[in-house]
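# Fold and contact review
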Amino acid sequence: MTENIKEQELWERLKASSLPVLLYGMGNGADMIIEELEKLNIHFADTFASDGFVRGQFFHGKKVISLSQAEEKYGEFIILTTFAVHDEKTLEFIKELSKRHRLYSPTVPIAGKGLFTLDYIAKNEERFDRAYSLLADEKSKKTFLDVLNFKVSGKPEYLFACRSEKDEVYRNILKLSKKESIVDLGAYDGDTIREFLHFTGGEYRHIFAFEPDEKNFKKLSKKTEGMRALSLFNLGAWNKKETLHFEKKAGRSSHKSETGIPINFDSVDNVITEPVSFIKMDIEGAEKKALDGAKETIKKYKPKLYVCAYHRNEDFFALPEKILSLNPDYNIFLRHHPYIPAWETNFYCV
C-alpha cells in the first residue's frame, strides 16, 4: 500500500518548512492540532478567521486576525484548516484559498490516539492491502487511495478528486425500497432519518433509532413526533448492555473515563428482535463494537449496511474485516461525500 502514497507526510513537511504556520479557525479541532504541533516542536504564528468574522477574539493567547490581515502581515505562509467543512460555499472558498497559499487539512483521530502517518500505513501494510482488495468496484479503490493520500499529506485536492454524492449511493448501491425496516445507530436529531425518507418517498416498514446523548435525543423525539412505526432508544450502540462514563467536552474531545456522565449502551441483538433490512452506524468510533453487537441480526437477515469509516485510524481495514467475518457474502463499496477533512467517508455493504 505504501507504494500508492505519492505525497510527503504533512507533519514532516511542516517541520522542514521555514514558512510561518497559521491556523484557520478556532475551537476543539484547533486545540487538537495545536497539541500535535507542540509534540513535534512546530510553532504556529497566528490564528486567522475569514474577513468579517473577526471580533477581537483571542485564541491560545493570540489575538485572532482576519485573512486579509494575515496576507498583509506574512505574505507567504502555510495554512492549516482546523474545522470541518461540508457546505458548498465554504468548500469552494477552501479550493480557491488553496490556489493562493499552501493549504493543508490535518487529520487527527476523532476516536483513539496517534497520527495517520506513512509509518502507520507501513506497520499495517498487509491489512490495508487486503482491505483494498476486498472493495467491490474501481471507484471504491480510487476513493481508498485518494483518502489515504489525503490523510498523509493533508492536501484537500485528493478529497475533491474522489467526492461522491449521496444520490449515487442511494440509487445505485443501497437501492432502498418502500418496505425497509431501518436501524439508525447514532440518529442525532433525525437528520439521516430524513435522508432515508427522501429516498424511499416517505415509505418504510419500521424505523429503530438509537441516540445516546440526552440533548440530541430530545431533539430527535421532537423532530420525529407523529411519525408512525418509529421506535426511539436513548442508548448508545455497543456489543452488550453496559453503562459507560464519558467526560463531556466540546465535540470530538468527549472520551471514555472512570468518572463523568453515565451513558447507557446496548446491542442491536438485545434490543431489536424482528427482521431488519438496513443498518446505519455513525457512532463516534464504536462501529466495530456495534457490529459485534449486531452479529446475529447481520448473519440472520443480511441487512444492507452503511458504516462510517473515519472515526478511528484503523477503520479503513478493521471494519471491512469485521463485516466480512459476520457475512462473507457482502459486496463492500467505499464512498467519500463532500467534506473536509475526510469525514463522511463510508462503507456501504450489500
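Preceding this paragraph is the structure being described.
Since we're looking at a predicted model, the values are computed, not measured.

Another point: helix 4 (residues 88-100). Taking 1.5 Å of rise per residue, 13 residues should cover 18 Å, and helix 4 covers 19 Å from first to last C-alpha, within 8% of that figure. Within the sequence span of helix 4, burial applies to Leu91, Ile94 and Leu97. The arc enclosing the buried residues of helix 4, seen along the axis, measures out at 125°, which places them on a common side. Along helix 4, exposed side chains directed more than 90 degrees from the buried face belong to Lys89 and Lys99. On its buried face, helix 4 is in contact with strand 1 (21-24), helix 3 (67-74), strand 6 (78-81), strand 7 (102-104) and helix 8 (157-162).

To continue, consider helix 7 (residues 138-153). With 16 residues, helix 7 should reach 22 Å at 1.5 Å per residue; the first-to-last C-alpha distance of 22 Å fits that figure. Most of helix 7 is tucked away: 13 of the 16 residues are buried. Just downstream of helix 7 lies Gly154, where phi reads positive at about 75°.

Turning our eyes to something else, we now look at the sheet that holds strand 2 (residues 46-49). Reading across the sheet, the five strands line up as 5-2-1-6-7 and stay open at both edges, with parallel pairing between neighbours. This sheet does not close on itself; its edge strands, each paired only once, are strand 5 (65-66) and strand 7. One ladder, built from three bridges, connects strand 1 with strand 2; its direction is parallel. Paired with Tyr24 across the bridge in strand 2 is Phe48.

Criteria and cut-off values
- Residue indices follow the written sequence of each chain, beginning from 1 at its first position.
- Confidence filtering applies because this is a predicted model: local features only for residues at pLDDT of at least 70, side-chain atom pairs given and counted only at 80 or more, and all residues used for totals across whole chains, interfaces and linings.
- By convention in this description, side-chain values take in all heavy atoms of the structure and omit both hydrogens and water.
- Here a strand is any run of E in DSSP of at least two residues, a helix any run of H or I of at least four, and the numbering for each starts at the N terminus.
- By this rule the span expected of a helix is its residue count minus one, scaled by 1.5 Å.
- Burial classification: accessible surface area is computed with a 1.4 Å probe over protein chains only, and a residue below 20% of its type maximum counts as buried, one above 50% as exposed, and the rest as partly exposed.
- The directions considered for the arc are those from the helix axis to the C-beta atoms.
- Contact definition: two residues touch when any of their heavy atoms are within 4.5 Å.
- Two strands are counted as paired when DSSP detects at least two bridges linking them.

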